[in-house]
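Residues per chain, in single letters:
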Amino acid sequence: MARLIDGKLLAQKMQSDLAQKVAQLELEKGLVPGLVVILVGKDPASQIYVRHKERSAKQAGFYSETVRLPETISQQELLDLVEQYNHDARFHGILVQLPLPDHIDEEAVVLAIDPDKDVDGFHPVNTGRLWAGQPAMLPCTPAGIMALFEHYNIDLEGKHAVIIGRSNIVGKPMAAMLLAANATVTMTHSRTKQLKTITQQADILIVAIGCSRLITADHVKPGAVVIDVGMNRDEQGKLSGDVDFASLEPLVDWITPVPGGVGPMTITMLLEQTYQSARRFAILD
Ligand code: GUN
């Protein structure tokens, strides 16, 4: 029977610790970490995510601003706004919620963000820093997974970590972080042949494919650690992961639930990185 990796609990603890650190920073240095979140259009999922980010930032004591822009905004107007926040010293973190409308080039917008305010860790400068082993702003979901490994003392050294999914947001940065932690990393994806024969060798299996309950008991080695990044709606409209939790749970050693596993850690890491960014801008670290 697996032990549960409880992201909700760790996220609550980290966010309450962070609120204390933020209060202390304001008291001692008069510095309040600032986060601006920019949302374009009315994508329903994005609206929910942005509301959560705004609420969590306020709860942690941040200076928080959310800019809601119409779907019709031009790319140049958005780039100009990002540039304005790059130079606004009240903000140490800038996040442009993705996806953007089709007429806006996401890559151009990400490139416009000052890499030192890029709390999503999506700017290629941060990608390069991460792969080069330099201090970097990190994509929040894999950074949250690393925080879970650390909190639960899950040893990565020399372990075979298999990642399913090669996105820039999760799969690829996850590989860099696991390598840096001395794991042996295998990347797999939608075109991988004989997926099961690879996943069956995993000591650590990280699943980020966006396909409801695709990973079943016959994909895993008994005693593995399983991290489910999926957030899907099943046929009944119920929230489900990429992993069939019920069939894996009796077999594996550690597993994340959905919801309450990886998800809550993402916002926590966003806030943590904004706090760290504020300290760096004030040359406290
Ligand atoms: N859309 C879905 N996830 C994310 C995220 O982590 N950051 C941003 N900016 N947009 C997203």
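In this text, all values refer to a predicted model and were calculated from it rather than measured experimentally. (Residues numbered from 1 in each chain as written. Predicted model: local features only at pLDDT ≥ 70, side-chain atom pairs only at ≥ 80, totals over all residues. Heavy atoms only, no water.)

Chemist: Would you explain the packing of aromatic side chains in this entry?
Modeler: Where two aromatic rings form a pair, the distance of their centres and the angle of their planes describe that pair. On inspection of all chains with the given rule, the structure shows three aromatic pairs. Aromatic side chains tyrosine 85 and phenylalanine 91 sit 5.2 Å apart centroid to centroid with 80 degrees between the ring planes, which places their arrangement in the edge-to-face category. When sorted by exposure, tyrosine 85 lands in the same class as phenylalanine 91, which is buried. Against the face of phenylalanine 281 rests lysine 117, its NZ or CZ located 5.6 Å from the ring centre. (Phe/Tyr/Trp six-rings, centres within 6.5 Å; stacked < 30°, edge-to-face > 60°. Buried < 20%, exposed > 50% of the residue type's maximum accessible area, 1.4 Å probe, protein only. Lys NZ or Arg CZ within 6 Å of the ring centre and 35° of its normal.)

Chemist: Honestly, the side chain of serine 64 in this entry has me stumped. Any pointers?
Modeler: Among the structural elements, serine 64 can be located in strand S3 (residues 63-69). Residue contacts for serine 64: discarding those within four places in its chain leaves Leu35, Glu54, Ala57 and Lys58. (Helix = DSSP H or I, 4+ residues; strand = E, 2+ residues; numbered from the N terminus. Contact = heavy atoms within 4.5 Å.)

Chemist: Could you clarify how one ought to interpret the site of the ligand in this entry?
Modeler: Taken together, the neighbourhood of the ligand is formed by Lys53, Leu95, Val96, Gln97, Leu98, Asp120 and Phe122. For the ligand, a nitrogen atom lies 2.8 Å from a polar atom in the backbone of valine 96. Backbone polar atom of leucine 98 to a nitrogen atom of the ligand: 2.8 Å apart, as the coordinates give it. In the shell around the ligand, the residues fall into four nonpolar, one polar and two charged. (Near = heavy atom within 4 Å. Polar contact = N/O pair within 3.5 Å; in protein donor to acceptor, adjacent residues only side chain to side chain. Nonpolar A, V, L, I, M, F, W, Y, C, P; charged D, E, K, R; others polar.)

Chemist: Which parts of the structure should I look at to understand the sheet that holds strand S7 (residues 204-207)?
Modeler: Pairing between sheet strands relies on hydrogen bonds along the backbone, with the strands arranged either parallel or antiparallel. A sheet is described by the order of its strands in space; here six strands give the open sequence S1-S11-S8-S7-S5-S6, paired in parallel fashion. Pairing within the sheet leaves two strands with one partner each, and these edge strands are strand S1 (3-4) and strand S6 (184-188). The sheet contact formed by S1 and strand S11 (residues 254-255) spans two bridges and is parallel. From the neighbouring strand, arginine 3 faces S11, where its bridge partner is tryptophan 254. Packing against the sheet, helix H7 (residues 171-180) makes contact with strand S5 (160-164), S6 and S7, and its axis sits at approximately 170 degrees to S6. (Pairing = 2+ DSSP bridges. Axes fitted to C-alpha atoms, helices over the stretch in contact; angles between N-to-C directions.)

Chemist: Got a minute to help me understand the sheet that holds S3 in this structure?
Modeler: Across the sheet, which stays open at both edges, the three strands sit in the order S3-S2-S4 with parallel pairing between neighbours. The outermost strands of the open sheet, each flanked by one partner alone, are S3 and strand S4 (93-96). Neighbouring strand axes in the sheet, compared pairwise and without regard to direction, differ in orientation by 15 degrees on average. Pairing analysis gives four bridges linking strand S2 (residues 34-40) to S4, with the strands arranged parallel. Across the sheet, the residue bridging to isoleucine 38 is valine 96, located in S4. In this fold helix H2 (residues 44-59) packs onto S2, S3 and S4, with an angle of close to 160 degrees to the strand it touches most, S3.

Chemist: Any chance you could explain the nonpolar core here in plain terms?
Modeler: Here is a general trend for soluble globular proteins: nonpolar side chains tend to be buried in one another's company. Judged by nonpolar contacts, the single largest core of 54 residues is most densely connected at Phe62, Phe149, Leu178, Ile206 and Ile227. In this structure, phenylalanine 149 is in contact with Ile154, Leu156, Leu178, Ile204, Ile206, Val225 and Ile227, ignoring residues within four places of it in sequence. Residues Val40, Leu79, Leu100 and Val109 belong to the second largest nonpolar core, which totals 18 residues. (Core = buried A, V, L, I, M, F, W, Y, C linked by side-chain atoms within 4.5 Å.)

Chemist: Help me understand unusual backbone geometry, please; the structure alone is not making it clear to me.
Modeler: Excluding glycine, residues mostly have negative phi values, and the peptide bonds linking residues are mostly trans. Across the junction of leucine 98 and proline 99, the peptide omega takes the value 5 degrees, indicating a cis bond. Mapping proline 99 onto the fold places it in the loop between S4 and helix H4 (106-112). Following valine 258, the chain continues to proline 259 via a peptide bond in cis, the omega torsion being -5 degrees.

Purely geometric stuff here, so don't read any function into it on its own.
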